[in-house]
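Remarks on the overall topology
For reference, the chains in residue letters:
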Amino acid sequence: MKAYVHGYSDMEADRLRDQANMLAGLLHPARPFPPGSRVLEAGCGVGAQTVILATNSPDAHFTSIDISEESIEKTREKVTSQGLSNVTPEVADIFELPYDDESFDHLYVCFLLEHLEYPATALARLKRVLKTGGSVTVIEGDHGSYYCHPRSEEADLAVRCLIEIQAGKKGNSLIGRQLYPLLCAAGFREVSVSPQMIYVDSSKPAMVEGFTRKTFIAMVEGVREEALALNLIDEETWTRGIAGLYRASRQDGVFCYTFFKGMAFK
Ligand SMILES: C[S@@+](CC[C@H](N)C(=O)[O-])C[C@H]1O[C@@H](n2cnc3c(N)ncnc32)[C@H](O)[C@@H]1O
């Protein structure tokens, strides 16, 4: 992975937690993982999804891995402070998984593939450690699915900066739309992908704050310095773009975004 586009700051850790909490109903399995099952959570970050997964499935065991030692330390602290005993946080690279073939009953992959140069290889490596008959859940966003009211050309340009910066690091923030072909190409069967649309207007103040502002706009704002340094946008247009995004979070504004949730079996 080239330098991770969102970085590992405390602010980004908070953003990941806001995102996970806001989207919990959308991103997590409707039913708990079965008692005794072993789940590999790949790219767990600071454990924002981990604590939700482990709380919802108290009788399953989670191995939650990330390539960042710092993030795994934060996951460890979070899991300990929540008193969760069904999680093993470990530093590991999904391209060199230190597990035997067919070690896990389920794989859970959330907001990881978008950061990888070789997402198809990642899925194939993950499939190796999944038991035959086991399931995989993959969740990714797609920044091409964002739109808002009132429309703002500058806001569109600011979002485009994030897409280009991530692409420059060999990631792909438009990957949500590719989940079906990626899972099929990796050899999974019974692949199904469901788009999960987020629609936010001011009748949902918690979503305005937690998703539009603290998840999406915060993520775009995070690439400000890089966008300006790379001359992808000038400062005035950037400022108007961010103001345009905030404008959509006001009383008469509307914000839309679609996540893609893929499910399949080995
Ligand atoms: C956007 S974060 C998502 C974290 C978490 N899944 C969530 O939804 O809050 C992506 C994470 O993937 C990790 N990552 C990137 N490449 C990886 C690799 N090759 N192996 C393991 N983790 C990786 C990054 O360090 C980062 O913490």
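Up top is the structure.
Summarised in this report is the structure supplied together with it. (Residues numbered from 1 in each chain as written. Predicted model: local features only at pLDDT ≥ 70, side-chain atom pairs only at ≥ 80, totals over all residues.)

1. As for the pairing of strand S2 (residues 61-66)
Relative to S2, strand S1 (residues 38-42) runs parallel, the two sharing five bridges. Opposite glutamate 41, over in S2, you have serine 64 as the bridge partner. Between the parallel elements S1 and S2, the chain passes through helix H2 (residues 48-56) in a crossover that is right-handed. The sheet contact formed by S2 and strand S3 (residues 87-91) spans five bridges and is parallel. Across the sheet, residue threonine 63 finds its bridge partner in S3, namely threonine 88. (Pairing = 2+ DSSP bridges. Helix = DSSP H or I, 4+ residues; strand = E, 2+ residues; numbered from the N terminus. Right-handed = clockwise from strand over helix to strand, strands pointing away.)

2. Side note on the site of the ligand
Surrounding the ligand, one finds 21 residues, the nearest of these being Gly43, Gly45, Ala48, Ile67 and Ile94. Taken together, the elements giving at least two residues each to the shell around the ligand come down to helix H1 (10-27), H2 and S2. Residue composition of the shell around the ligand, by class: 13 nonpolar, six polar and two charged. (Near = placed C-beta within 6 Å. Nonpolar A, V, L, I, M, F, W, Y, C, P; charged D, E, K, R; others polar.)

3. Considerations on the nonpolar core
Formed by 73 residues in total, the largest nonpolar core has its most connected members in Ala42, Leu107, Val109, Leu126, Ala158, Leu183 and Val220. In terms of residue count, helix H7 (residues 205-221) provides more of this core than any other element does, seven residues in total. Filtering out sequence-adjacent residues up to four positions away, alanine 42 remains in contact with Ile65, Ile94, Leu107, Val109, Leu112 and Leu126. (Core = buried A, V, L, I, M, F, W, Y, C linked by C-beta atoms within 7 Å. Buried ≥ 20, exposed ≤ 12 C-beta atoms within 10 Å, placed from the backbone. Contact = placed C-beta atoms within 7 Å.)

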